[in-house]
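# A structural walkthrough
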Amino acid sequence: MNGIELDQYYMNLAIEEAEKAAAKGEVPIGAVIVRDGIVIARAHNLRETTQNAVTHAELLAIQEACNQLGSWRLEETHLYVTLEPCPMCAGAILQSRIPRVIYGARDAKAGSVDSLYRLLNDERFNHQCEVKENVLADECGQLLTGFFRAIRENKKKNRKQL
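Definitions and limits used
- Residues numbered from 1 in each chain as written.
- Predicted model: local features only at pLDDT ≥ 70, side-chain atom pairs only at ≥ 80, totals over all residues.
- Heavy atoms only, no water.
- Core = buried A, V, L, I, M, F, W, Y, C linked by side-chain atoms within 4.5 Å.
- Buried < 20%, exposed > 50% of the residue type's maximum accessible area, 1.4 Å probe, protein only.
- Helix = DSSP H or I, 4+ residues; strand = E, 2+ residues; numbered from the N terminus.
- Contact = heavy atoms within 4.5 Å.
- Salt bridge = Lys/Arg side-chain N within 4 Å of Asp/Glu carboxyl O.
- Pairing = 2+ DSSP bridges.
- Right-handed = clockwise from strand over helix to strand, strands pointing away.

Judged by nonpolar contacts, the single largest core of 44 residues is most densely connected at Met11, Ile33, Ile62, Ile93, Ile98 and Leu120. Those elements that place two or more of their residues in this core are helix H1 (3–23), strand S1 (30–35), strand S2 (38–44), helix H3 (57–69), strand S3 (77–83), helix H4 (87–95), strand S4 (100–105) and helix H5 (137–161). In this view, isoleucine 98 contacts Ile33, Ile62, Leu74, Thr77, Leu79, Ile93, His127 and Cys129; residues no more than four positions away in its chain are not counted.

Next up on the list: the pattern of salt bridges. Under the defined criterion, the tally for this structure stands at 10 salt bridges. Measuring nitrogen to oxygen at the nearest pair gives 2.9 Å for the salt bridge that ties arginine 100 to aspartate 7. Taken together, the residues span a long stretch of sequence, with arginine 100 in strand S4 and aspartate 7 in helix H1 at a distance of 93 residues. Aspartate 7 shares its class with arginine 100; the two are buried.

With that settled, the discussion passes to the pairing of S4. Burial within S4 is extensive, with six of its six residues counted as buried. With five bridges connecting them, S3 and S4 associate as parallel partners. For valine 81, the partnering residue across the bridge sits in S4 and is tyrosine 103. With respect to chirality, the unit in which S3 leads through H4 into the neighbouring parallel S4 is right-handed. As judged from the three bridges shared by S4 and strand S5 (residues 130–132), these two strands associate in the parallel manner. Bridging from a neighbouring strand, valine 101 pairs with valine 131 of S5.

Scope: geometric values only; no functional claims are made or implied.
Next up, the structure:
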């Protein structure tokens, strides 16, 4: 596989994680961390399940990868995530020294990699990341659009029944 095909392969794994989140009623965001071609961590959003604001897919995957490697430094890894990371997740990415981040859809409301801020490429920090965006962006975006559309439709139905 070439680089584009590899990025799409791993993003599809992140999409599988996002689908697991959606099945639980969570915002469908998934993340996968890869080292030397091997998936070392997979996670999806669990904020509603845990009622914990920090259980974003990226943070859970970073935590799992650190446990797998026995180190907080994830210097030889790549993070694949279905949605552009928020400020909290971008901070964790920088702190864990992940050198490459690949994401699917942009997040106009909270994206801190390209949309609102460029935290992963800010030279004022002691670490920066290579970033690749729009990998399977349509598929990633459709997951989110469909999820929120279903929520709105359910709210409409519930209002009509009252």
